[in-house]
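Coordinate inspection notes
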There are 2 protein chains.
Amino acid sequence: MQNLLFEFISKYISLSEKEKEVLTSLDIFRTVKKNTVLLKEGEHSNNGYFVLKGCIRTYYIIDGEEKTTAFYTEMEGITPNCVLNKKASEYYLDCIEDSIVTVSNPDMESEMFQKFPKFESLCRIISEEHLMKQKLDLDEFKTTSPEQRYLSLLQNRPDLVQRVPQHQLASLIGIKPQSLSRIKSRILKNIKN
Amino acid sequence: MQNLLFEFISKYISLSEKEKEVLTSLDIFRTVKKNTVLLKEGEHSNNGYFVLKGCIRTYYIIDGEEKTTAFYTEMEGITPNCVLNKKASEYYLDCIEDSIVTVSNPDMESEMFQKFPKFESLCRIISEEHLMKQKLDLDEFKTTSPEQRYLSLLQNRPDLVQRVPQHQLASLIGIKPQSLSRIKSRILKNIKN
DNA sequence: TTCTTTTCTTAACTTAAGTGAACGTTTTCT
DNA sequence: AGAAAACGTTCACTTAAGTTAAGAAAAGAA
């Protein structure tokens, strides 16, 4: 399992054996069962996660309704809001598949940054990269229709369309499950003609 | 003008006189006239900007139509996509007011990081903070209606509603100018009753 | 200033998403 | 295995955004 993490990191910086040992010694790997809730609205957690296998979802409960806003799958990391701003979490995190993740917190981070400044570079670069992607995602959302967003999901995240319940997918593209059903049949109809 | 920048930075890290001098010596301050286009679709630029005064806008041209996706005002920074991914820019940047900005590029950055590792911490922290905000923005967009988004703008960015053309605001919340007009009159009507 | 262009609003009509309900299917639980 | 819950789809109806067009107001250029 470590190797997956090392491979990921090595895309950004090179790791010495010493550094790998320190990382391993932190004992950060956890297996999490499907449907486990990792974070609830209102909680103050310090845990950040990195998905090695499986899928984690973020969702809000607004007017009693679940609103799914993101999925994190293999080689994606999540630092919940409440870890950074020290406020109560506004959303939930749960595991929608049996998963293997790493769990870390800001104290471990600062310790690593002090021992190996390289890790702070790693985190800066990854943050900047994610920030860039996140902005593009918002831009895409602002400039496209629900149907276009569904087609783009089919293109760019075909795995998600398969592994995730449709009503959560609908939420992800900002519509109701009934509308997603309608969009699908509209697309099918247009293909046939 | 420097002082504005130093004040901003001092919210994150403390700056010695030496460091301030080095920053000043970089000669990064520029004034930019209203309507100046700072970046065009297809260009490869290395310039990042930080707005000291004024307003910069990002927009796409999709099917011949301008789609505004963001505004950057006082004390906000922009590192265009193309600087990080080294690909042709997908969007435009322009100045919608006479502005004062700093201009920097990755080379200057790495030089600063080497001379003063503190600056890399600064950039990591700011990146993480922005990433958090950006995710919240996307979550809000996914979970709200255009009308709610407009009301939230009135609340959270009343300055923008004043200083920005309405058709660009409409685009920002993902609708057409006609729909924004409609939403405004709907809101007015509801207040009266 | 005057002319031109851009911006904002309103209106009528079209299109697509929201809503509430029904129903068959799948999954989950015991 | 059997009952219950959750899920996905379809339908009829409602609501809101898109479209096209027109006209008034504001901003910018000559």
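Residues numbered from 1 in each chain as written. Chains lettered and ligands numbered in written order. Predicted model: local features only at pLDDT ≥ 70, side-chain atom pairs only at ≥ 80, totals over all residues.

Concerning the protein's contact with DNA strand C
Around DNA strand C sit 18 residues, and of these Ile175 and Ser179 of chain A together with Gln166, His167 and Ser181 of chain B come closest. Those elements that place two or more of their residues in the surface near DNA strand C are helix H6 (146-156) and helix H9 (177-192) of chain A together with helix H8 (166-172) and helix H9 (177-192) of chain B. Among the elements that make up the surface near DNA strand C, the one with the highest residue count is H9 of chain B (six residues). (Near = placed C-beta within 6 Å. Helix = DSSP H or I, 4+ residues; strand = E, 2+ residues; numbered from the N terminus.)

Section: the protein's contact with DNA strand D
Surrounding DNA strand D, one finds 18 residues, the nearest of these being Gln166, His167 and Ser181 of chain A together with Ile175 and Ser179 of chain B. Of all the secondary structure elements, the ones that give two or more residues to the surface near DNA strand D are helix H8 (166-172) and H9 of chain A together with helix H6 (146-156) and H9 of chain B. The element contributing the most residues to the surface near DNA strand D is H9 of chain A, with six residues.

Some points on the environment of glycine 174 of chain B
With respect to the helices and strands, the residue glycine 174 of chain B is situated in the loop between H8 and H9. A residue is classified by how many C-beta atoms lie within 10 Å of it, and glycine 174 of chain B, with 19 of them, is partly exposed. Between the C-alpha atom of glycine 174 of chain B and that of proline 146 of chain B, which follows or precedes it by 28 residues, the distance is 7.1 Å. In contact with glycine 174 of chain B, not counting residues within four places along its chain, are Lys142 of chain A together with Pro146 of chain B. (Buried ≥ 20, exposed ≤ 12 C-beta atoms within 10 Å, placed from the backbone. Contact = placed C-beta atoms within 7 Å.)

Looking at the environment of leucine 172 of chain A
Residue and element names in this part refer to chain A. Among the structural elements, leucine 172 can be located in helix H8. Each C-alpha atom of the pair leucine 172 and lysine 142 lies 14 Å from the other, and the pair is 30 residues apart in sequence. In this structure leucine 172 touches Thr68 and Thr69, once residues within four positions along its chain are discounted.

Considerations on the nonpolar core
Residues and elements named next belong to chain A. In this structure, Leu38, Tyr49, Val51, Ile56, Leu93 and Val101 are the most contacted members of the largest nonpolar core, which totals 19 residues. Those elements that place two or more of their residues in this core are strand S2 (37-39), strand S3 (48-53), strand S4 (56-62) and strand S7 (92-95). Tallying contributions element by element places S3 first for this core, with four residues. Each residue touching valine 101, except ones within four places of it in the same chain, is listed here: Arg30, Val32, Tyr49, Phe50, Val51 and Leu52. (Core = buried A, V, L, I, M, F, W, Y, C linked by C-beta atoms within 7 Å.)

A word on the sheet that holds strand S4 (residues 56-62) of chain B
The sheet built from four strands is open, its strands ordered S2-S7-S4-S5 (chain B) with antiparallel pairing. On the outer flanks of this sheet lie strand S2 (37-39) and strand S5 (65-72) of chain B, each paired with one strand and no other. Here the average twist between neighbouring strands, direction ignored, is 30°. By the bridge criterion, four bridges tie S4 of chain B to strand S7 (residues 92-95) of chain B in an arrangement that is antiparallel. Across the sheet, the residue bridging to tyrosine 59 of chain B is tyrosine 92 of chain B, located in S7 of chain B. Contacts from helix H5 (residues 117-143) of chain A reach S4 and S5 of chain B, with the element oriented near 140° to S5 of chain B. (Pairing = 2+ DSSP bridges. Axes fitted to C-alpha atoms, helices over the stretch in contact; angles between N-to-C directions.)

With respect to the sheet that holds strand S1 (residues 29-32) of chain A
Residues and elements named next belong to chain A. Spatially, four strands are ordered S1-S8-S3-S6 in an open sheet, and the strand pairing comes out antiparallel. Of all the strands in the sheet, just S1 and strand S6 (76-78) have a single pairing partner and so form its edges. Direction aside, neighbouring strands of the sheet carry axes that sit 30° apart on average.

Structural notes on the domain arrangement of chain A
All names here are of chain A. As assigned here, chain A comprises domain 1 (2-134) and domain 2 (144-193). A separation of 27 Å is found between the C-alpha centroids of domain 1 and domain 2. Residue-level contacts link nine residues of domain 1 with six residues of domain 2. Counting residues per element, the side of domain 1 that touches domain 2 draws most heavily on strand S5 (residues 65-72), at five residues. Its residues placed into classes, the side of domain 1 that touches domain 2 shows three nonpolar, two polar and four charged. (Domains from an automatic or database assignment. Nonpolar A, V, L, I, M, F, W, Y, C, P; charged D, E, K, R; others polar.)

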